[in-house]
Amino acid sequence: MDPHETERDTMIREQLERRGLENPRVLAAMRAVPRHLFVKSSLQEHAYDDRPLTIGFYQTISQPYVVALMCDLLELKETDEVLEIGTGSGYAAAVLSKLCASVVTIERIPELAEKARETLAQADCSNVTVHCGDGTLGLPKDSPFDAILVSAAAPSVPESYKQQLSIGGRLVIPAGQSRSVQSLYRVRKKSDTEFSTEDLGGVAFVPLIGEEGWRDV
Ligand code: SAH
């Protein structure tokens, strides 16, 4: 048996199910994506550890539980079109790609965007498109999106993302004025002008840098 399959089964049992994550579609997606492909060769033995890992350029691949939790909160359907901001390694985009029809993801660091493209192709994630640029303004030309996942922390929830949701659409985003710890928010678009926002508690993400994010690195 593929040793990574055993590692993924253990990750699902001990990191996800033990923390109360039960969504069968999300658990299946986490089981299907080979996380080790998205991790540097020098960190292979830690690929399935219960923590984020460095991917270079002062950025990280998120902890498995955080990716699974955010995917669960997005309440994805097979027909959904999803936008992700902060591609990083491409891992979260790969998990999302198993849960919806298509994923568009934006990364501001060109080297990471290029590497993520290669890894996503290697992992057979053909319904993911990687763009390079400032994702704080979203992607108006491809909107609306049924779900938007922001994988980096904003000082506050950018208006552009709310505007680019379809009616009934969900946005999951870490936000807050502290650079070290933030709250995870889920915003639902009820109509063109009505939104509901839930605060789901403390998280720690790398900063979202750009026009509607933090202005400096
Ligand atoms: N989802 C990633 C997590 C990467 S960490 C994974 O699974 O590996 C967050 C990423 O957001 C970093 O790669 C960082 O460069 C990127 N980022 C920060 N600000 C951004 C912006 N304005 N637009 C696009 N990407 C941004």
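It should be emphasised that the depicted structure is a prediction, and the values quoted were computed from it without experimental measurement.

1. Regarding the overall build of the chain
Line of reasoning, step 1. Along the backbone of the chain there are six helices and nine strands.
Line of reasoning, step 2. Here the C-alpha atoms of the chain give a radius of gyration of 16 Å, agreeing with the 17 Å that 2.2 N^0.38 yields for 217 residues.
Line of reasoning, step 3. The principal-axis extent of the C-alpha atoms belonging to the chain is close to 50 × 35 × 30 Å.
Line of reasoning, step 4. Going through the 217 residues of the chain one by one, you find that 52% of them count as buried.

2. Remarks on the site of the ligand
Line of reasoning, step 1. Taken together, the neighbourhood of the ligand is formed by 26 residues, with Ser89, Glu107, Asp134, Gly135 and Ile209 sitting nearest.
Line of reasoning, step 2. Between the ligand and Asp134, the relevant distance is 2.9 Å, taken from a nitrogen atom to a side-chain nitrogen or oxygen of the residue.
Line of reasoning, step 3. Ile209 is positioned such that a nitrogen or oxygen atom in its backbone is 2.6 Å from a nitrogen atom of the ligand.
Line of reasoning, step 4. In isolation the ligand exposes 580 Å². Once the protein is present, 100% of that is buried.

3. Some words on the environment of Ser97
Line of reasoning, step 1. Its place among the elements puts Ser97 in helix H4 (residues 91-97).
Line of reasoning, step 2. The buried category is assigned to Ser97, whose relative accessible area is 7%.
Line of reasoning, step 3. With 16 residues separating them along the chain, Ser97 and Glu81 place their C-alpha atoms 9.6 Å apart.
Line of reasoning, step 4. Beyond its immediate sequence surroundings of up to four residues, Ser97 is in contact with Val103, Cys125, Asn127 and Val128.

4. A few points about the nonpolar core
Line of reasoning, step 1. If you look at the biggest cluster of nonpolar residues, it comprises 51 residues, and the most contacted ones within it are Leu16, Met30, Phe38, Tyr91, Val95 and Leu96.
Line of reasoning, step 2. Going through the elements one at a time, helix H1 (3-16), helix H2 (24-32), strand S1 (53-56), helix H3 (64-73), H4, helix H5 (110-122), strand S5 (128-132) and strand S6 (145-150) are the ones with two or more residues in this core.
Line of reasoning, step 3. Considering every element that reaches this core, the biggest residue donor is H3, with seven residues.
Line of reasoning, step 4. Leu96 has contacts with Cys71, Leu74, Leu76, Val82, Glu84, Val103 and Leu149, leaving out every residue within four places of it along the chain.
Line of reasoning, step 5. Counting residues in hydrophobic clusters, the runner-up holds 16 residues, among them Leu83, Val104, Phe145 and Leu171.

5. Some details on the layout of surface pockets
Line of reasoning, step 1. What the largest pocket holds in volume is close to 490 Å³.
Line of reasoning, step 2. Those elements that provide at least two residues to the lining of the largest pocket are strand S2 (59-61), H3, strand S3 (81-85), H4 and strand S4 (102-107).
Line of reasoning, step 3. Considering every element that reaches the lining of the largest pocket, the biggest residue donor is S2, with three residues.
Line of reasoning, step 4. Here the second largest pocket defines a volume of roughly 170 Å³.
Line of reasoning, step 5. Taken together, 13 residues make up the lining of the second largest pocket; nearest its centre are Phe38, Lys40, Ile55, Leu112 and Lys115.
Line of reasoning, step 6. Top element by residues in the lining of the second largest pocket is H5. It accounts for five residues.

6. Observations regarding the pairing of strand S9 (residues 195-203)
Line of reasoning, step 1. Pairing of strand S8 (residues 182-189) with S9 involves seven bridges; the strand directions are antiparallel. Looking across to S9, one finds that Gln182 is bridged to Val203.
Line of reasoning, step 2. Where S8 folds back on S9, the antiparallel hairpin that results is connected by five residues.

7. Side note on unusual backbone geometry
Line of reasoning, step 1. Along the chain, Ser143 connects to Pro144 via a cis peptide bond; the corresponding omega equals 5 degrees.
Line of reasoning, step 2. Notably, Phe57 is not glycine yet its phi reads approximately 55 degrees, a positive angle.
Line of reasoning, step 3. When its relative accessible area of 42% is taken as the criterion, Phe57 is described as partly exposed.
Line of reasoning, step 4. The phi dihedral of Glu75 is positive, around 50 degrees, even though this residue is not glycine.
Line of reasoning, step 5. Positionally, Glu75 belongs in the loop between H3 and S3.
Line of reasoning, step 6. Classification of Glu75 by relative accessible area gives partly exposed; the value is 37%.

Conventions used here
Residues numbered from 1 in each chain as written. Predicted model: local features only at pLDDT ≥ 70, side-chain atom pairs only at ≥ 80, totals over all residues. Heavy atoms only, no water. Helix = DSSP H or I, 4+ residues; strand = E, 2+ residues; numbered from the N terminus. Rg over C-alpha atoms; globule rule 2.2 N^0.38 Å. Buried < 20%, exposed > 50% of the residue type's maximum accessible area, 1.4 Å probe, protein only. Near = heavy atom within 4 Å. Polar contact = N/O pair within 3.5 Å; in protein donor to acceptor, adjacent residues only side chain to side chain. Areas by Shrake-Rupley, 256 points an atom, 1.4 Å probe, with all protein chains shown as cover. Contact = heavy atoms within 4.5 Å. Core = buried A, V, L, I, M, F, W, Y, C linked by side-chain atoms within 4.5 Å. 1 Å grid on protein atoms, 1.4 Å probe; cavity = no way out; pocket = protein on both sides within 12 Å on 5 of 7 lines; lining within 4 Å. Points joined across faces, edges and corners; volume = space filled by probe spheres on them. Pairing = 2+ DSSP bridges.

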